[in-house]
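Okay, here's what each chain looks like letter by letter:
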Amino acid sequence: MKQAQTGTARPLHRRRFLKGGMLAASMASAVPGLWRTSVFAADRERDRDGFGRDPQDNDQKITKGDIAILQFLAAAELLETDLWQQYAELAGTNAPESGYRSAIEVLDEDMPDYISDNTDDEFSHAAFLNAYLLSKGAQPVNLDQFRTLEGSKATGAQQIGRLTNLFKLTVDTSWWTRYRSDQNPDFGATFPQAIPSLAVGQHPGIPKTDAESGPPNAISDHIQAVANTAGFHFAFIEQGGTSLYPELAQRATNVEVLRVLLSIGPTESMHFQTWHDKAGNAPEVTDGALVFPDLSSAQFVTDELFEKSLIMPEPCTFLRKRFPPCSIVRPTATAGAAMRAAAALRADGLFIGQPDAFFDALRDLAADADRARRHDS
């Protein structure tokens, strides 16, 4: 498959994610006013369906860049919705009892509630962003044509096409040490993996069948390793959103768009903090080459980079090295933020099995978002 890469965006590919499925080149020419200034003009009055603007902001324009940012975030939220839905079907509040659900509950007995709540939040983000795009006369994002991946066959899982693959995950666990460090990746710092074997190879985050999951309360080493993988994957996904929203917010021009990003972004941080804490409860287990160490011994007790109770962001360098350290979300440097996010999701293994057209479209959406520039009003 082609690698997602920076380059000249191809609008036709980007529009493959827009509402209505695959659009032919003739569609673009049939709608010559799609990106007309009037599309981005501030609303002059409240829409009949209830959408509207702050009366104090009636004259501010919404730019092409603002729309590109919102469309990329809508795509990201749809992808999150797909993966969280799969987790919720097998381990959420309404999931059937199984060995997998029991293993997830080893991390915390409230995990099914947390998983379902996180899933609901992502659905709300995707629905809101698409509705907001529509209210501005812009095209919402639709990924349904790429729902071709196979999901779990275990009881509770819907037998529908999926956007994301949770069977071959390669989970970057450097977020664990990054947030315990006094260094900032925006200044080039790199961080060791908390679970090195999880960051290499391909590991399932959900069971494929009932036989793999096993009966309730009969937790094999394998299914506990699958649940542990899911626990660290939850935090990986949400730390990405924690950074992505403030990164792209710096490129927004319209104040209301900025408000949208600053209002959704912190909920991603709330998710991350929850999963960060629960990942620390993953029990020691070995499943072939995948090794989850005892998180209550060795370096996880003696080294602050690994200590599991230190889940608050350590103060680090921010903006300028001459300033005192500050506890912040990181990274937040905006250059290439969308492309980095797309690349990180691909490296995670979420899109194994998707066609080149999917990666072309995701790359183009990301490139458009990264080209957005904040303009003085």
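Structure: see above.
A brief report on the enclosed structure follows. Fair warning: this is a prediction, and the values are worked out from it, not measured in the lab. (Residues numbered from 1 in each chain as written. Predicted model: local features only at pLDDT ≥ 70, side-chain atom pairs only at ≥ 80, totals over all residues. Heavy atoms only, no water.)

**Structural notes on the packing of helix α4 (residues 64-91) against helix α9 (residues 221-249)**
Helix packing geometry: the angle between the two helix axes and the distance between the axes. Selection rule: The angle between two axes is taken between their N-to-C directions and runs from 0 to 180 degrees, where each axis is a line fitted to C-alpha atoms and a helix contributes only its stretch in contact. Per the convention used, a helix needs a DSSP run of H or I reaching at least four residues, while a strand needs a run of E reaching at least two, with both numbered from the N terminus. Orientation is classified from the angle alone, with under 35 degrees giving roughly parallel, over 145 giving roughly antiparallel, 65 to 115 giving roughly perpendicular, and any other angle giving oblique. In this scheme, a crossing is called left-handed if the near helix is turned counterclockwise away from the far one by less than a right angle; it is called right-handed if the turn is clockwise. In this analysis, two residues are considered to be in contact whenever any of their non-hydrogen atoms come within 4.5 Å of each other.
Contact pair α4 / α9: the axes reach a minimum separation of 12 Å and the direction vectors enclose 165°. The angle between the axes of α4 and α9 places the two elements in the roughly antiparallel class. The handedness of the crossing between α4 and α9 is left-handed. The residues of α9 that touch α4, namely those facing Ile69, Phe72, Leu73, Glu77, Glu80, Leu83, Trp84 and Tyr87, are Ala230, His233, Phe234, Ile237, Glu238, Leu244, Tyr245 and Leu248.

**Some remarks on the pattern of salt bridges**
This is how it is decided: A side-chain nitrogen of Lys or Arg and a carboxyl oxygen of Asp or Glu constitute a salt bridge if their distance falls within 4 Å. In this scheme, a residue with accessible area under 20% of its type's maximum is buried, one over 50% is exposed, and one in between is partly exposed, where area comes from a 1.4 Å probe on protein chains only.
For the structure shown, the criterion picks out 13 salt bridges. Salt-bridge contacts for Glu150 lead to Lys153; the nearest nitrogen and oxygen are separated by 3.6 Å. Using a relative accessible area of 47% as the deciding quantity, one classes Lys153 as partly exposed. The residue Asp364 makes a salt bridge to Arg363 at a minimum N-O spacing of 3.2 Å. Since its relative accessible area comes to 0%, Asp364 is described here as buried. Ionic contacts of the salt-bridge type, sharing partners, join the residues Asp82, Asp144 and Arg147 into one network.

**A closer look at the packing of aromatic side chains**
Applicable threshold: Any Phe, Tyr or Trp ring, taking Trp's six-membered ring, that has another such ring centre within 6.5 Å forms a pair; planes under 30 degrees apart are called stacked, those over 60 apart edge-to-face, and the others tilted. Placement of a charge over a ring requires the Lys NZ or Arg CZ to be within 6 Å of the ring centre, with the centre-to-atom vector within 35 degrees of the ring normal.
Going through the model one piece at a time under the given rule, you end up with 19 aromatic pairs. For the ring pair Trp84 and Trp275, a centre distance of 5.5 Å and an interplane angle of 25° mean the geometry is stacked. Residue Trp84 is located in helix α4, and its partner Trp275 is located in helix α10 (residues 255-279); the two are separated by 191 residues in the primary sequence. Pair check on accessibility: Trp84 and Trp275 agree, each one buried. Put simply, the rings of Trp175, Trp176, Tyr179, Phe232, Phe272, Phe292, Phe300 and Phe306 pair up and form one aromatic cluster. For Arg180, the ring lying beneath its charged end belongs to Trp176, and the centroid distance is 4.0 Å.

**Some remarks on the side chain of Ser116**
Its location among the elements puts Ser116 in helix α6 (residues 111-135). The contact partners of Ser116, leaving out residues within four places of it in the chain, are Gly92 and Thr93.

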